[in-house]
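Residue strings, one per chain:
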Amino acid sequence: HWVAFHKEKQMYKALKELDKESQFSPQKQLIEFSSESNDTVILADNRESKSQVLKELTNQGFKVKTENLDIGDYIISDKIVIERKTPADFINSILDKRIFSQIKNLRENYPKPLVIIEGEEDIFSIRKIHPNAILGVLTTITLGYHVPILFTKNSIETTNLIKVIVNKERENKRVESLEEKLNNCLAKLSSIPFIQ
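The rules behind the values
- Residues numbered from 1 in each chain as written.
- Predicted model: local features only at pLDDT ≥ 70, side-chain atom pairs only at ≥ 80, totals over all residues.
- Heavy atoms only, no water.
- Helix = DSSP H or I, 4+ residues; strand = E, 2+ residues; numbered from the N terminus.
- Buried < 20%, exposed > 50% of the residue type's maximum accessible area, 1.4 Å probe, protein only.
- Contact = heavy atoms within 4.5 Å.
- Areas by Shrake-Rupley, 256 points an atom, 1.4 Å probe, with all protein chains shown as cover.
- Pairing = 2+ DSSP bridges.
- Axes fitted to C-alpha atoms, helices over the stretch in contact; angles between N-to-C directions.
- Salt bridge = Lys/Arg side-chain N within 4 Å of Asp/Glu carboxyl O.

Undergrad: If you had to explain the overall build of the protein chain to someone new, which residues and values would you point to?
TA: A tally of helices and strands in the protein chain yields seven helices and six strands. When burial is assessed residue by residue, the protein chain has 33% of its 196 residues classed as buried. A sequence separation of at least 24 residues applies to 71% of the contacts in the protein chain between residues at least 6 apart. Here the protein chain displays about 12,500 Å² of accessible surface, and carbon together with sulfur accounts for 55% of that area.

Laid out in structure tokens, this is it:
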């Protein structure tokens, strides 16, 4: 009888501690999860300070901070970096052979790098480069380095794309945080001795 009594008392004590640590309120968690506040700080390279994308992001309520970035043009999180290029810049970076060092740096420093080519100009008609050479570079970047390339027509499309990426990353972080809390709760519950 006394052994069972003490185990039950220990179980209630552990549950109270667990409740204090998690401070879990389903309503609060739901509100936080569906919140659309733009609390994410986007780091932008100094060279982007005059770009329309930076102005659009700021106008849409995002917190944008400009710095001298060694890698990429926009850093969304510790995982996501974006290299933004115009079609002409993309072709020039192939000709002066800097494209692969840029892509390599993106891949080595961030788990989810991304290249955005912004503009309506056809990349195959900018300079006299054989189309197969351009296709070869695009293929090497996407399949060899595993870096996606997305095309946008203008700064508004680029801004909307970045907005979607930021919101998706924020959502993923919330899900990861909830999963971590749930796993911690389950681990603590599994360590509680139950009465047989």
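Undergrad: I'd love a proper account of the sheet that holds strand β4 (residues 80-85), names of residues and values included.
TA: Across the sheet, six strands lie side by side as β2-β1-β3-β4-β5-β6; this open sheet has mixed pairing. Because the sheet does not close on itself, it has two edges, and the strands there are β2 (63-67) and β6 (149-152). Two strands pair when backbone bridges link them, and strand β1 (residues 41-45) and β2 are joined in this way by five bridges, in the parallel orientation. Directly across from Val-41, in β2, lies its bridge partner Lys-63. Against the sheet, helix α3 (residues 52-59) contacts β1, β2, β3 (74-75), β4 and β5 (112-118), and its axis sits at roughly 145° relative to β2.

Undergrad: Can you lay out unusual backbone geometry for me, pointing to particular residues and giving the numbers?
TA: Notably, Lys-97 is not glycine yet its phi reads approximately 65°, a positive angle. The phi angle at His-146 is positive, at roughly 60°, despite the residue not being glycine. Here His-146 falls in the exposed class, since its relative accessible area comes to 55%.

Undergrad: Talk me through the pattern of salt bridges; I want residue IDs and the actual numbers.
TA: Considering all chains together, one arrives at 12 salt bridges under this definition. Between Glu-48 and Arg-84 there is a salt bridge, and its shortest N-O distance comes to 2.9 Å. Taken together, the positions of Glu-48 in the loop between β1 and α3 and Arg-84 in strand β4 put the pair 36 residues apart, joining distant regions of the chain. Arg-84 shares its class with Glu-48; the two are buried. Across the salt bridge formed by Asp-89 and Arg-98, the nearest N and O atoms sit 2.9 Å from each other.

Undergrad: Give me the side chain of Thr-159: which residues, what numbers.
TA: As for its position among the elements, Thr-159 is in helix α7 (residues 155-190). When its relative accessible area of 1% is taken as the criterion, Thr-159 is described as buried. Setting aside residues up to four positions removed in sequence, Thr-159 forms contacts with Val-53, Glu-56, Leu-57 and Gln-60.

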